[in-house]
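# Structure assessment
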Amino acid sequence: MQQSETALTAQLEARGWPGRPLTEEPLAADVLNTRWLAGMDEYDLLEEDALTLAWLDKHGLDTGAAVADVRRHLREARSALAAAVADPSDTAALNRILDHGRIRLSLDAEGTVETPEVADPARYAAWMCARDLARAMTEAPGRVRKCANPPCVLHFVDTSRKGERRWCSMALCGNRAKAQRHRTRHHGAT
């Protein structure tokens, strides 16, 4: 049964962790955002079994495999996705993940049905994340991005009309950058 982000947030609160930013992103960006910063502290959902399982459940990714194996493949996928976002020509690691599955097409009364087939259940979630990024890179090239604030680790899908979004959040990183530019212009570099 698929949980909401609220259920995952409750688990974070029970551990004394801050809430996750950018929780409404598509699967590929959301796996990249399983790691985030709050102040100087780093948090990672892929560090604990219960949090990893809650994230999988949020996305309806019931794998039936050992969580440690799933987590290992998700971390590998997270690194491969980040590399492909940073450099769209760097797809070797992403392609290695995609090699573990395929889409089986069939027809029903509604039309075409796509069924993911991944032989190793522990690789299913990682494959789905890689497939989602491949889809996004094809449908909207250059729209999956890392925040332009260098210390920020968050990613997003730019759905703005002009495609010029630079920050994970204008309220956070965007305002910090604007404030830094203002300080530099009016007070010299700090």
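As a starting point, this report considers the structure included with it. Since the model is a prediction, treat every value here as computed from it, not as a measurement.

## Description of the nonpolar core
One finds Trp55, Leu74, Leu81 and Leu133 to be the most contacted residues of the largest nonpolar core, which totals 46 residues. Ranked by the residues each element gives to this core, the list is headed by helix H6 (residues 124–139), at eight residues. Leave out the neighbours within four places in its chain, and Leu133 touches Ala28, Leu81, Ala84, Val85, Leu94 and Val144.

## A word on the environment of Pro88
Along the chain, the position of Pro88 falls in the loop between helix H4 (67–86) and helix H5 (92–98). Since its relative accessible area comes to 53%, Pro88 is described here as exposed. Linking Pro88 and Pro141, residues 53 residues apart in sequence, is a C-alpha distance of 8.8 Å.

## Quick look at the pattern of salt bridges
The full count for this structure, using the stated rule, is 18 salt bridges. Of the charged contacts in the structure, one is a salt bridge between Asp30 and Arg20, with a shortest N-O distance of 2.9 Å. On the criterion of sequence distance, the pair formed by Asp30 in helix H2 (residues 27–32) and Arg20 in the loop between helix H1 (5–14) and H2 is long-range, its members being ten residues apart. No difference in accessibility class separates Asp30 from Arg20, as the two residues are buried. Where Arg135 meets Asp132, a salt bridge forms, and the shortest distance between an N and an O atom there is 2.6 Å. Here Arg135 pairs with Asp132, and both are found in helix H6, just three residues apart, close to one helical turn. With a relative accessible area of 35%, Arg135 lands in the partly exposed category. Taken together, the shared-partner salt bridges connect Glu5, Arg20, Asp30 and Lys58 into one network.

## A look at H4
For H4, which comprises 20 residues, the first-to-last C-alpha distance of 28 Å matches the rise-based estimate of 28 Å (1.5 Å per residue) to within 8%. Among all positions in H4, only Val67, Val70, Arg71, His73, Leu74, Ala77, Arg78, Ala80, Leu81, Ala84 and Val85 are buried.

## With respect to the packing of aromatic side chains
Going through the model one piece at a time under the given rule, you end up with three aromatic pairs. Between Trp17 and Tyr43, the ring centres sit 5.2 Å apart and the planes meet at 55°, which makes this aromatic pair tilted. Taken together, the residues Trp17 in the loop between H1 and H2 and Tyr43 in strand E2 (residues 41–44) connect sequence positions 26 residues apart. The exposure class assigned to Tyr43 is buried, which follows from its relative accessible area of 14%. With a centroid separation of 5.7 Å and an interplanar angle of 25°, the aromatic rings of Trp36 and Tyr43 are classed as stacked. By the ring-pair criterion, three or more aromatic residues cluster together here, those being Trp17, Trp36 and Tyr43. Geometry around Phe156 places Arg165 over its ring, the cationic atom sitting 4.0 Å from the centre.

Rules used throughout
- Residues numbered from 1 in each chain as written.
- Predicted model: local features only at pLDDT ≥ 70, side-chain atom pairs only at ≥ 80, totals over all residues.
- Heavy atoms only, no water.
- Core = buried A, V, L, I, M, F, W, Y, C linked by side-chain atoms within 4.5 Å.
- Buried < 20%, exposed > 50% of the residue type's maximum accessible area, 1.4 Å probe, protein only.
- Helix = DSSP H or I, 4+ residues; strand = E, 2+ residues; numbered from the N terminus.
- Contact = heavy atoms within 4.5 Å.
- Salt bridge = Lys/Arg side-chain N within 4 Å of Asp/Glu carboxyl O.
- Expected span 1.5 Å × (residues − 1).
- Phe/Tyr/Trp six-rings, centres within 6.5 Å; stacked < 30°, edge-to-face > 60°.
- Lys NZ or Arg CZ within 6 Å of the ring centre and 35° of its normal.

Bear in mind that shape data such as this cannot, by itself, settle questions of function.
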